[in-house]
Amino acid sequence: MRTQADIKAASDADLAAELAQLKREQLNLRFQAATQQLEKPSRVREVRRTIARIKTEQAVRGRSAQAQN
């Protein structure tokens, strides 16, 4: 799990790569939950919130880039 400070310090490419990786993990967790094989149910929530944090940071960066233009 990454902290908010880690996310803010990461580059755009790092955030995009981690977002893709987390979305794949989220899909796998959904399948595990559907087949009753989920070992850590709390991981679903953790992944969902980390995805939201990354998307929020990407939106903030996008708005600040537009404001500078």
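Throughout, residues of each chain are indexed from 1 in the direction in which the sequence is written. The predicted nature of this model means local features are confined to residues of pLDDT at least 70 and side-chain atom pairs, given and counted, to a pLDDT of 80 or more, with totals for whole chains, interfaces and linings taken over all residues. Side-chain numbers here rest on the full set of heavy atoms in the structure, without hydrogens or water.

1. Here we look at the overall build of the chain
1) Next: Secondary structure assignment for the chain yields three helices and zero strands.
2) Next: Under the DSSP-based scheme used, a helix requires at least four consecutive residues in state H or I and a strand at least two consecutive residues in state E, with every element numbered from the N terminus. Scanning the chain from its N terminus toward the C terminus, one meets helices and strands in the order α-α-α.
3) Next: Throughout, the radius of gyration refers to the C-alpha atoms, and the reference size of a globule is 2.2 Å times the residue count to the power 0.38. Computed over C-alpha atoms, the radius of gyration of the chain comes to 14 Å, more than 25% over the 11 Å expected from 2.2 N^0.38 for 69 residues, which places it beyond the range of a compact globule.
4) Next: For the chain, the spread of C-alpha atoms along the principal axes amounts to about 50 × 20 × 15 Å.
5) Next: Exposed residues in this analysis have more than 50% of their type's maximum accessible area, buried residues have under 20%, and partly exposed residues fall in between, with area computed by a 1.4 Å probe over protein chains only. Split into buried and exposed, the 69 residues of the chain put 22% on the buried side.
6) Next: If you take every contact in the chain between residues at least 6 apart in sequence, the share linking residues at least 24 apart comes to 69%.
7) Next: Roughly 5100 Å² of accessible area belongs to the chain as shown, and the carbon and sulfur atoms make up 51% of that amount.
8) Next: A positive count includes Lys and Arg, and a negative count includes Asp and Glu. His and the chain ends are not counted in either. A single reference atom marks each charge: NZ on Lys, CZ on Arg, CG on Asp, CD on Glu. Distance from the positive charge centre (14 side chains) to the negative charge centre (8 side chains) of the chain: 7 Å. Residue contacts follow a heavy-atom distance rule, with two residues in contact if any of their heavy atoms lie within 4.5 Å. Per-residue and other accessible areas follow the Shrake-Rupley method at a 1.4 Å probe size, with only the shown protein chains counted as cover for residues.

2. Digging into a positive patch on the surface
1) Next: Residues qualify for a patch when their relative accessible area is over 30% and they have no salt bridge, like charges being joined within 9 Å and the nonpolar side chains of Val, Leu, Ile, Met, Phe, Trp and Tyr within 5 Å. Should a side-chain nitrogen of Lys or Arg be within 4 Å of a carboxyl oxygen of Asp or Glu, the pair is scored as a salt bridge. A contiguous patch of positive charge on the surface is contributed by Arg45, Arg48, Arg49 and Arg53.
2) Next: Along the chain, Arg49 turns up in helix H3 (residues 42-68).
3) Next: Residue classification places Arg49 among the partly exposed positions, given a relative accessible area of 42%.

3. Thoughts on the nonpolar core
What tends to happen in soluble globular proteins is that the nonpolar side chains get buried as a cluster.
1) Next: Only buried residues count toward a nonpolar core. Its members are Ala, Val, Leu, Ile, Met, Phe, Trp, Tyr and Cys residues joined through side-chain atoms within 4.5 Å. Judged by nonpolar contacts, Ile7, Ala10, Leu15, Leu19, Leu22, Leu29, Val47, Ile51 and Ile54 together constitute the single largest core of nine residues.
2) Next: Every element with two or more residues in this core is listed here: helix H2 (12-34) and H3.
3) Next: Examining the composition of this core, we find that four residues originate from one element, H2, more than from any other.
4) Next: Each residue touching Ala10, except ones within four places of it in the same chain, is listed here: Arg2, Leu15 and Arg61.

4. A look at the confidence of the model for the chain
Detailed conclusions should not be drawn from predicted coordinates in areas where pLDDT is low.
1) Next: Think of pLDDT as the predictor's per-residue confidence, scored from 0 to 100. Per-residue confidence for the chain gives a mean pLDDT of 95, with 99% of residues at or over 70.
2) Next: Within the chain, the element-level pLDDT minimum falls on helix H1 (residues 4-9), averaging 93, and the maximum on H2, averaging 97.

5. Describing the pattern of salt bridges
1) Next: For the structure on display, the rule yields six salt bridges.
2) Next: Across the pair Glu57 and Lys8 runs a salt bridge whose closest N-O atoms are separated by 3.8 Å. Highlighted residues: Glu57 in helix H3 and Lys8 in helix H1, separated in sequence by 49 residues.
3) Next: Given the relative accessible area of 9%, Glu57 is considered buried.
4) Next: Of the residues examined, Lys8 reaches a relative accessible area of 51% and is grouped as exposed.

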